Each structure stands twice: as structure tokens, then as C-alpha cells.
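# Commentary on secondary and tertiary structure
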Amino acid sequence: MRIEETAVPDAYRVTPQLLPDPRGTFHESYRYDLLAAATGHHFVPRQVNYSVSARNTVRGLHGVAIPPGQAKLVSCVRGVLLDVVVDVRLGSPTFGKHECTVLDAREGRAVYVAEGLAHGFVALADDTCISYLCSTEYRPGTQLDLRAFDPELGLPWASWLTGEPLLSEKDAQAPTVAEAAERGLLPEYETCLELYRSNGD
């Protein structure tokens, strides 16, 4: 398993070693010890979610308020998608920076997204299924939703869409990053660093 930090600090790309045989392949998708050693984050899943999407579905950008925060290990278990992580931590030296990774079920690649980062994706095939291993259980009222098509972020959705984007009403009406900052919704970078340190104890 290869674990490498992306251009967005605290977001990591996890590439498994596929073990092929005449029946297909096998791979480990998550190892606590290897992820902790490579990232310094002690990620213990508390909830698992799946979503199934039609081609051109854009989900996100989503995060969870701090506290409680929520880290995720995201993988594609059927189909293919473009995964996007954005640093929305106020005061971060990489605030507004994003990283894109193609997740293909045949390859088993995953993305680890630490607390305080925003996450979204676009489905590149019909019936694409994404899996989220989450560090905290869902808590109503803590969801952070941001506009995926915020022009200030300049995310490359258009390069991957083959038709009109399919968005939920909630995602279509989400605030821009500037509006969320104005409303005090974005996490503080220093608070995130404290959370990462305390999770390592």
C-alpha cells in the first residue's frame, strides 16, 4: 500500500497493491497501522456510508463542523469518479487549494480526507458507488455544505462533465466559501491542528 500526501496538506492518496489471479484481484483497502504511520492521523472508522450516483452527478462540497469534525477514507467500489478535496481551513497556508484524484473501482485507490477539509466528487459513469469510512457518527446540524461551482475555487468540474451536472437542491443552494466564511461556518486551521494532535494521543 502506497500512501502519499497530496497538494492539500492532510489529504492523502492511498494506492493499494492489487494481487491478481485468474479469478480477478484482491487488495487491502484500509490498514490502521500503515495510515497512522504515513499520516500521523489515528483514523478509527465509526460509521460507513455509501452513495450511488448517475453519470454527471456532483455531490459536495461537504464537510463537518469542528467540533465534532469528521475524517473520511473515500473509495469507489463500483464505477469511476473524480474525487475533489479543498482546503477550507481559515488561516491555512493552502486555503482554497484543491486536489483531484480519479477513483476507479478496478484500481482500489482511495483518498483520506482529514477533519476541516471539504470533499466532493463527480460520477464519471452511471451506477457509480462511493464508500465513506467516517471517523464520527452523523450528528444532525453539523454538516458543512459549500457551493461546488464557486467561481473563486475554480474547480475543474466542466472538464469531466459530459452533460448538465446533476445536483441536489441543497448542494445547488449551498453558500460560496466567502459567504460561509462571513457566516463563521469555516473551520480555523489552528483548531484543526489541535484536533489532529489530540487524535494522535
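Refer to the preceding data block for the structure.
Since we're looking at a predicted model, the values are computed, not measured.

### Description of empty space enclosed by the protein
Counted under the stated rule, the structure contains 1 cavity of 30 Å³ or more. Computed from the structure, the largest cavity encloses a volume of approximately 50 Å³. Of all elements in the fold, only strand S6 (58-64) and strand S11 (117-123) reach the threshold of two or more residues within the lining of the largest cavity. It is S6 that contributes the most residues to the lining of the largest cavity, 3 residues altogether. By residue class, the composition of the lining of the largest cavity is 4 nonpolar, 4 polar and 1 charged.

### A closer look at the layout of surface pockets
Its boundaries defined by the atoms lining it, the largest pocket holds a volume of some 440 Å³. Asn49, His62, Lys72, Tyr132 and Gln143 are the residues nearest the centre of the largest pocket, which is lined by 26 residues in total. Elements that contribute at least two residues to the lining of the largest pocket include exactly strand S5 (47-53), S6, S11, strand S12 (128-134) and helix H3 (169-172). The biggest single contributor to the lining of the largest pocket is S6, with 5 residues. Looking at side-chain class alone, the lining of the largest pocket contains 8 nonpolar, 12 polar and 6 charged residues. Approximately 180 Å³ is the volume attributed to the second largest pocket. His42, Val44, Glu115, Ser135 and Asn199 are the residues nearest the centre of the second largest pocket, which is lined by 15 residues in total. A total of 3 residues in the lining of the second largest pocket trace back to one element, the largest contributor, which is helix H5 (residues 189-199). When grouped by side-chain class, the residues that make up the lining of the second largest pocket number 7 nonpolar, 6 polar and 2 charged.

What counts, and where the lines are drawn
Residues numbered from 1 in each chain as written. Predicted model: local features only at pLDDT ≥ 70, side-chain atom pairs only at ≥ 80, totals over all residues. Heavy atoms only, no water. 1 Å grid on protein atoms, 1.4 Å probe; cavity = no way out; pocket = protein on both sides within 12 Å on 5 of 7 lines; lining within 4 Å. Points joined across faces, edges and corners; volume = space filled by probe spheres on them. Helix = DSSP H or I, 4+ residues; strand = E, 2+ residues; numbered from the N terminus. Nonpolar A, V, L, I, M, F, W, Y, C, P; charged D, E, K, R; others polar.

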